[in-house]
Amino acid sequence: MPRTVRDVVFVDGVRTPFGKAGPKGIYHETRADDLVVKAIRELLRRNPGLDAKQIDEVAIAATTQIGDQGLTIGRTAGILAGLPQSVPGYSIDRMCAGALTAVTSVAGSVAFGAYDIAIAGGVEHMGRHPMGEGVDPNPRFVSEKLVDESALFMGMTAENLHDRYPHITNLRADEYAVRSQEKAAKAYANGKIQADLVPISVRRTNPEAGETGWGLVTADEPMRPGTTLENLSGLKTPFRVHGRVTAGNAAGLNDGATASLIASEDFARENNLPVKMRLVSYAFAGVEPEVMGYGPIPATEKALAKAGLDISEIGLFEVNEAFAVQVLAFLDHYGIADDDERVNQYGGAIAFGHPLASSGVRLMTQLARQFEEQPHVRYGLTTMCVGFGMGATVIWENPNFDGGSK
């Protein structure tokens, strides 16, 4: 019997505040799975009309799937969050695009009719599990020259991208980074970010004072409001002598979790759940691993072609800022100005942080809020580069679209 593809919608999304990885970070003594649990519980609290028994799946991404990010975290976090044991779950890995892939994976199942509603998200505790922990790259990658050795180090791939786009200077990257910090600070000041954050209780230790206590985290830790070009100009270039990539024009090493509800539009309407975005298309693309930051360009081309849209029809962009050069290369390719008001209106990962597998849903929650505020915009996209040479793009439609009147 032929099946009808169902419309898929983004119902809701939340995230923990993002923290700095390491002993001084806010989540140093907080488990990764507990961050996911808090996000899932907040989704249910915010949507009391949803019976947890109706949830068909829990897909949670993590790049380093060991320790408190292992043990099929989608299943274990669901149980820890109090979901009925009848709700299944699984884990997923596409490095930086983990949560984004969790969303597209469950979306495909919703469209097919296997699920009515599912939870999709991601977590990365880079303080407990540094990038690359426990991995064993096959020596053939280098010995047979399948990839350039620099592909294994994300900062070096960003330097390679600067080589490919020599007109994207260190100064231009720093200017972009300053704007990201300024936009993030403005978004916080205007209350645009806080509504999607889950407050997290954390245990804190002060070794110097010999004190231990509890605190409540309610804001992103990596942000540096007041950053100036002068601040950034003197930073070291750790990936290459006289390079162009610094800690100031790149996302840091971070901890955090995200979660979202993805459903069929019919199910959402029937159960009085919000419909914040409607899925239009998505695509993934591979590129040379040593210039992985180029990935969003072909991924976006594929997603636009599948949707029958032109880049000029996209009214809002949420581009993950792993590195400023990666965003600038994307903008240059599409003829978009560095300071185009459609791009990362609330700032991006350079300010908020980038806990790898969790970031895709952060892009979506920010786009959903912008859709709500800007009904004259019909289409928006979320896109990101992915380690080892990939890109990922999802195009969304604004359910609040009013026909374009302003």
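Nothing here was measured: the structure is a model prediction, and the numbers come from that model.

Trainee: I'm lost on the nonpolar core in this one. Help?
Mentor: One broad trend across soluble globular proteins is that nonpolar side chains are buried collectively. Core analysis: the largest hydrophobic core is formed by 40 residues, its most contacted members being Ile-314, Phe-317 and Phe-323. Only helix H5 (154-164), helix H6 (170-189), helix H9 (296-307), strand S10 (314-319), helix H10 (324-333) and strand S11 (379-386) provide two or more residues apiece to this core. Ignoring sequence-local partners within four residues, the contact set of Phe-323 consists of Met-154, Gly-155, Ala-158, Val-245, Asn-249, Ala-250 and Met-292. The next biggest cluster of nonpolar side chains, apart from the first, holds 39 residues, and it includes Ala-32, Ala-39, Leu-44 and Leu-50.

Trainee: Can you walk me through a nonpolar patch on the surface in this structure?
Mentor: Together, Val-142, Leu-152, Phe-153, Met-156 and Phe-239 line one region of the surface with nonpolar side chains, adding up to about 400 Å² of accessible area. Along the chain, Leu-152 turns up in the loop between helix H4 (140-143) and H5. Judged by relative accessible area, which is 34%, Leu-152 ranks as partly exposed.

Trainee: Which parts of the structure should I look at to understand the packing of aromatic side chains?
Mentor: How two aromatic rings sit relative to each other is given by the distance of their centres and the angle of their planes. Within this structure, the stated rule accounts for six aromatic pairs. Relative to Phe-388, the ring of Phe-141 lies with its centre 5.2 Å away and its plane at 75 degrees, an arrangement referred to as edge-to-face. With Phe-141 in helix H4 and Phe-388 in the loop between S11 and strand S12 (390-397), the pair connects residues that are 247 residues apart, well separated along the chain. The exposure class assigned to Phe-141 is partly exposed, which follows from its relative accessible area of 28%. On the basis of relative accessibility, which here comes to 26%, the residue Phe-388 falls in the partly exposed class. Their ring planes at 45 degrees and their centres at 6.5 Å tell us that Tyr-188 and Phe-352 sit as a pair that is tilted. Of the two residues, Tyr-188 sits in helix H6 while Phe-352 sits in helix H11 (residues 349-352), which places them 164 residues apart along the sequence. When sorted by exposure, Tyr-188 lands in the same class as Phe-352, which is buried. Across from the ring centre of Phe-352, 5.5 Å away, lies the NZ or CZ of Arg-15, which sits over that ring. Directly above the ring of Tyr-294 sits Arg-164, whose terminal nitrogen or CZ lies 5.9 Å from the centroid.

Trainee: Just to check I follow, could you spell out the packing of H6 against H10 for this structure?
Mentor: Axes are the key here: two packed helices are described by the angle between their axes and the distance separating the axes. Relative to each other, H6 and H10 sit at 95 degrees, their axes nearing to 9 Å. Looking at the two axes, H6 sits roughly perpendicular to H10. On H10, the residues touching Arg-172, Ala-173 and Tyr-176 of H6 are Ala-324, Val-327, Leu-328 and Asp-332. A class-by-class count of the residues in the contact of H6 with H10 yields five nonpolar, no polar and two charged.

Trainee: For this particular structure, what's the right way to read helix H3 (residues 98-112)?
Mentor: For an α-helix the count is 3.6 residues per turn, leaving residues at separations of three or four pointing the same way. Between its terminal C-alpha atoms H3 stretches 21 Å, which fits the 21 Å expected from 15 residues at 1.5 Å a residue. Of all 15 residues making up H3, twelve are buried, and the element is well covered by its neighbours. Of all the residues in H3, the buried ones are Gly-98, Ala-99, Leu-100, Thr-101, Ala-102, Val-103, Thr-104, Val-106, Ala-107, Ser-109, Val-110 and Ala-111. Immediately beyond the C-terminal end of H3, within one or two residues, lies Gly-113, with a positive phi of roughly 105 degrees.

Trainee: Would you mind going over the environment of Ala-247 with me for this structure?
Mentor: Mapped onto the elements, Ala-247 comes out in the loop between helix H7 (229-233) and strand S8 (254-264). Taking relative accessible area as the criterion, Ala-247 reaches 67% and is therefore assigned exposed. Sequence separation between Ala-247 and Phe-323 is 76 residues, and the spatial gap between their C-alpha atoms is 9.3 Å.

Trainee: Explain the side chain of Thr-300 to me, please; I cannot follow it from the model alone.
Mentor: On the secondary structure map, Thr-300 appears in helix H9. You can call Thr-300 buried: its relative accessible area is 0%. Once residues lying within four places of it in the same chain are set aside, the contact partners of Thr-300 are Ile-311, Phe-330, Tyr-334, Leu-381, Thr-383 and Thr-393.

Trainee: Explanation requested: the state of the cysteines in the structure shown.
Mentor: Covalent bonding between the sulfur atoms of two cysteines defines a disulfide. The tally for this structure, following the rule as stated, stands at zero disulfides. In this structure Cys-96 is a free cysteine whose sulfur lies 5.9 Å from that of Cys-385, the closest cysteine sulfur available.

What counts and what doesn't
Residues numbered from 1 in each chain as written. Predicted model: local features only at pLDDT ≥ 70, side-chain atom pairs only at ≥ 80, totals over all residues. Heavy atoms only, no water. Core = buried A, V, L, I, M, F, W, Y, C linked by side-chain atoms within 4.5 Å. Buried < 20%, exposed > 50% of the residue type's maximum accessible area, 1.4 Å probe, protein only. Helix = DSSP H or I, 4+ residues; strand = E, 2+ residues; numbered from the N terminus. Contact = heavy atoms within 4.5 Å. Patch = residues over 30% accessible without salt bridge, like charges linked within 9 Å, V, L, I, M, F, W, Y side chains within 5 Å. Areas by Shrake-Rupley, 256 points an atom, 1.4 Å probe, with all protein chains shown as cover. Salt bridge = Lys/Arg side-chain N within 4 Å of Asp/Glu carboxyl O. Phe/Tyr/Trp six-rings, centres within 6.5 Å; stacked < 30°, edge-to-face > 60°. Lys NZ or Arg CZ within 6 Å of the ring centre and 35° of its normal. Axes fitted to C-alpha atoms, helices over the stretch in contact; angles between N-to-C directions. Parallel < 35°, antiparallel > 145°, perpendicular 65-115°, else oblique. Nonpolar A, V, L, I, M, F, W, Y, C, P; charged D, E, K, R; others polar. Expected span 1.5 Å × (residues − 1). Disulfide = S-S within 2.5 Å.

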